[in-house]
Amino acid sequence: MWHTLKISREVHADFASSLRELLQSTFRNLVFTTGGVYLIWYFTTTGSSPGELSLKLLPLTTILLLTCALSLWLLSKQPLVAQAVWQIGLAVTIAVGMQVSQQPVVVFFYALLPLMAVVTMGWPAGLLAEGLAIALMWWLSHNPFMPPLPPSYVLGVSIGGAFTGLLGWATARTLVTAVQWSLFSLEQARQNMEKARQHRTRLAKVLKDLDMAYHRLEKANSALLVARDAAVAAERFKAEFVANVSHELRTPLNLIIGFSEVMATAPESYEGAPLPRAYRGDVMAIYRSAQHLSDLIDDVLDLSQIEAGRMPLAKKAVDLGEVIHEAAEIMRSLAEARELRLELDLPDELPVLRLDRTRIRQVLLNLLSNAMRFTEVGWIRVHAHVEDQETVVTVEDSGPGIAADRLANAFEAFSQLEDGHAHEGSGLGLALSKKFVDLHGGKIWIESELGRGTTVGFTLPIPKDQEIIRVSSGKASSSVRYQEGQPSVLVLHDDPRILSSLRRHIDGYQLILADTVEKAREIIREAFPVVVIMDVDWANHWATTIPDLNLPSLTPLITCPLPSPRHLGRLLGAADYLPKPVTRGNLQDTLSRLPRLPQTVLIVDDNPRIVRLLARLLKTINPSVRVLEAFSGQEGLEIVRSQRPEVVLLDMVMPDIDGYAVLEKITNDKTMAEVQIIVTSAHDLEQASMPVKGKLRLEYEGGVSHIGILQILQAILSTITPLSTVSPTSDATPLAA
């Protein structure tokens, strides 16, 4: 083993140290065991005859005990010397024991010397111990003072020594291997422990960093919550500001536009007083200027809605050529007044596109207006052609052109392309046009060079599957139009105005309205709708005949409240709802929905100019109508009680008794039950943002997949969640279904 210790020092210091401790411990145990066994034998043997035998064994005992003591003393100082002293001392002790006992069999103890040498010092020491044993056997066999040794004893000791040496080598090797494995495992455990300690240190650092990051995240979340609340408040204030400014601006503009329109188009409403020819041009100038200001307000509101992501499009299949011709005809009179040639360069056929007709026409009007504003002499040309999967439209003029440094900001709001013309435009035309084209998935650009005119163009994508519009055959359905390329959705509602709202927010479907069960059956039979949407009020009104719809079992039925102007009017207890600003066309459509055209109409409004305007509009619609006027809620109630008008145009906001109180008193009085009330108010936009209460139900016997159910739930959650975050300070009140 000592040989292994010398080699291991060069390999690993820990292994050598552990092996040294094992060697010393093994040698110490061997010495104590040998000495202890001898002393036990000694006291056992001399116990029966202590005198003569004790004296006879005294030299043997003395030599053995001195050998044990000296070896133990030298072990910690000189391990090799201690081993040599031990081997020599044992050899002498065995020889003395053989001489004292005169028993040749004692010589067999020499066979143990190689075993002890191999175990304590390794196989080289075992070979030396074997050689020493053989040499001593030879010396003892030739020593006359020793008892004679049979040759078999000599051979037996030699073979026994070799066997015990091999046995000791195998044992020591196994022990060394075990020590090596133990030390290797210990080293691995220590390395793992060190790695764990380092990992724990890093983990503690990471936890500390995470703690700091979590703290910063909490602060950031708090800041985001504050910022979100500020943004929500700012958005609410902005909406209120825009609504208030719009209302304050639209009220006088509505008066200017309404009176100037009546004066220019229906002078007979002024009881035969003709409008002097010299005034007519000035009145038309006033009308056009006021209309321009109204359009400017619309542009600002549209831009605000687009930036807030709330600008829906009423897309439907439209012939782009027709839209271009409409825009050109609108601007032709202005071109002629400026002595400009307006040219159209269009192919024989342009594709039918899915677009919002009003918005694209507005884009064309903006581009034509800009071209005419910047062109003093020459021409303006509108060109359109199909390129790949896009329709390209360009408006080109022969104007002075635009400097290159101004083109970069051409599509920014309120930017002016030419200082000399800054007073003629708002700077919103191109910005709005870009927004509208972007919403349609197209692109818009501008090209110009000083002295060579300007070209503004935009593209509109062509759908891969061209949609075909056809009119269903059959006498009963001649008015029902639907698109073969789009799935049809049947809407069961009693107010046709609901379709305009649905079309602005629902894209990709052909919406068809049915206000009666008979018409609904006809559309179900001919258009095969994929979904039926039924208003709650319509369902309540036609509850007894709904089973007669003959709706296919696999057609989904969605029942929900669908508020419309008429719905809002009914909620208030009125016959209809007419949002301001009131135009001649809106007023005429509202009156046409009544059972009969009224001959007596009461106008209740605290603004005398609005009363006078509504009276003029009524005269243009029905010259024989009798118009009654009231400028307060109390006065209106008195006139209703005394003269029983057929229709009352009632404003809801008045100083003394507001319209709600007037409406409640009229509806609660049975003597005035036949009076039809039409509410006029400027709070349409506010009502549109109110929560609409009522049950929403989906019936579909065909079943929905698991993924489909999850998608439906996601859509519902994303829609209803904002309702819980409505500010409790909001003045809006929920609408009942």
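Rules and cut-offs
Residues numbered from 1 in each chain as written. Predicted model: local features only at pLDDT ≥ 70, side-chain atom pairs only at ≥ 80, totals over all residues. Heavy atoms only, no water. Helix = DSSP H or I, 4+ residues; strand = E, 2+ residues; numbered from the N terminus. Buried < 20%, exposed > 50% of the residue type's maximum accessible area, 1.4 Å probe, protein only. Contact = heavy atoms within 4.5 Å. Areas by Shrake-Rupley, 256 points an atom, 1.4 Å probe, with all protein chains shown as cover. Axes fitted to C-alpha atoms, helices over the stretch in contact; angles between N-to-C directions. Parallel < 35°, antiparallel > 145°, perpendicular 65-115°, else oblique. Left-handed = near helix turned anticlockwise from the far one by under 90°. Nonpolar A, V, L, I, M, F, W, Y, C, P; charged D, E, K, R; others polar. Patch = residues over 30% accessible without salt bridge, like charges linked within 9 Å, V, L, I, M, F, W, Y side chains within 5 Å. Salt bridge = Lys/Arg side-chain N within 4 Å of Asp/Glu carboxyl O. Pairing = 2+ DSSP bridges. Core = buried A, V, L, I, M, F, W, Y, C linked by side-chain atoms within 4.5 Å. Arc of directions from axis to C-beta.

(A) Geometry of the overall build of the protein chain. Helix and strand content of the protein chain: 22 helices and 19 strands. The buried share of the protein chain, taken over its 737 residues, is 40%. Taking all contacts inside the protein chain whose residues are at least 6 apart in sequence as the whole, residues at least 24 apart take part in 70%. Surface accessibility of the protein chain: about 41000 Å² in total, with carbon and sulfur atoms responsible for 60%.

(B) Structural view of the packing of helix α19 (residues 633-643) against helix α20 (residues 659-668). Viewed as axis vectors pointing N to C, α19 and α20 meet at an angle of 20 degrees, and their least axial separation amounts to 9 Å. Compared by their axis directions, α19 and α20 come out roughly parallel. Of the two possible hands of crossing, α19 and α20 adopt the one that is right-handed. Contacts between α19 and α20 involve Gly633, Leu637 and Val640 from the first element and Val662, Lys665 and Ile666 from the second. Broken down by class, the residue content of the contact of α19 with α20 amounts to four nonpolar, one polar and one charged.

(C) Looking closely at a nonpolar patch on the surface. On the surface, a cluster of nonpolar side chains totalling about 1000 Å² of accessible area is made up of Leu554, Leu698, Tyr700, Val704, Ile707, Ile709, Leu710, Ile712, Leu713, Ile716, Leu717 and Ile720. The element best represented in the nonpolar patch is helix α22 (residues 706-720), accounting for eight residues. Following the sequence through the fold, tyrosine 700 ends up in the loop between β19 (697-699) and α22. A residue is classified by how much of its surface remains accessible, and tyrosine 700, at 35% relative accessible area, is partly exposed.

(D) Inspection of the sheet that holds strand β17 (residues 647-651) at higher detail. Taken in spatial order, the five strands of this open sheet run β14-β18-β17-β15-β16, and their pairing is parallel. A single partner strand is all that each edge strand has here, and the edge strands are β14 (576-579) and β16 (626-630). Each strand of the sheet is rotated relative to its neighbour by a mean of 20 degrees, with strand direction disregarded. Pairing geometry for strand β15 (residues 600-604) and β17, over four bridges, is parallel. Looking at β17, one finds that valine 604 is bridged to leucine 650. Contacts between helix α18 (residues 608-621) and the sheet are confined to β15, β16 and β17, with β16 contributing the most and set at about 170 degrees to the helix.

(E) A look at the sheet that holds β19. Taken together, the five strands give an open sheet; going across it, the order is β11-β10-β12-β13-β19, and neighbouring strands pair in mixed fashion. Whereas interior strands pair on both sides, the edge strands pair on one side only; in this sheet they are β11 (510-514) and β19. Across this sheet, the average inter-strand angle for adjacent strands is 20 degrees, counted without regard to direction. Relative to strand β12 (residues 531-535), strand β10 (residues 488-492) runs parallel, the two being bridged by four bridges.

(F) Representation of the packing of helix α4 (residues 79-101) against helix α5 (residues 112-121) in the model. Axis separation between α4 and α5 bottoms out at 11 Å; the angle between their running directions is 170 degrees. In terms of axis orientation, α4 runs roughly antiparallel to α5. Residue-level inspection shows Gln83, Trp86, Gln87, Leu90 and Ala91 of α4 in contact with α5, the latter providing Leu113, Met116, Ala117, Thr120 and Met121. Looking at the contact of α4 with α5 residue by residue, the class counts come to seven nonpolar, three polar and no charged.

(G) Examining the nonpolar core more closely. Within the largest apolar cluster, 39 residues are counted, with the highest numbers of intra-cluster contacts made by Leu320, Ile324, Leu368, Ile380, Val393 and Phe458. At the level of elements, α9 (320-337), β3 (352-356), α10 (357-374), β4 (379-387), β5 (390-397), α12 (429-439), β6 (444-448) and β7 (454-461) are the ones that each hand at least two residues to this core. Not counting chain neighbours up to four residues away, the residues in contact with leucine 368 comprise Ala327, Ala328, Met331, Leu342, Ile380, Val382 and Val395. By size, the runner-up hydrophobic cluster in this structure holds 35 residues, among which are Leu60, Val107, Met116 and Ala117.

(H) Seen up close, helix α13 (residues 498-505). Every buried residue of α13 is listed here: Ile498, Leu499 and Leu502. Along the long axis of α13, the arc covered by the buried residues comes to 95 degrees, so they all point the same way. On its buried face, α13 is in contact with β10 and β11.

(I) Quick look at the side chain of threonine 559. Its location among the elements puts threonine 559 in strand β13 (residues 557-560). The contact partners of threonine 559, leaving out residues within four places of it in the chain, are Met534, Val536, Lys695, Leu696 and Arg697.

(J) A look at unusual backbone geometry. Look at phenylalanine 528: it is not a glycine, yet its phi comes out positive at around 50 degrees. In this structure, arginine 644 is a non-glycine residue whose phi angle is positive, near 50 degrees. Inspection of the secondary structure assignment puts arginine 644 in the loop between α19 and β17. Accessibility expressed as a relative area gives 36% for arginine 644, which makes it partly exposed.

(K) Expanded view of the environment of valine 662. Secondary-structure assignment places valine 662 in helix α20. Counting along the chain gives 30 residues from valine 662 to serine 632, while the straight-line C-alpha distance between them is 9.8 Å. Setting aside residues no more than four positions away along its own chain, valine 662 makes contact with Gly633, Leu637, Leu650 and Ile657.

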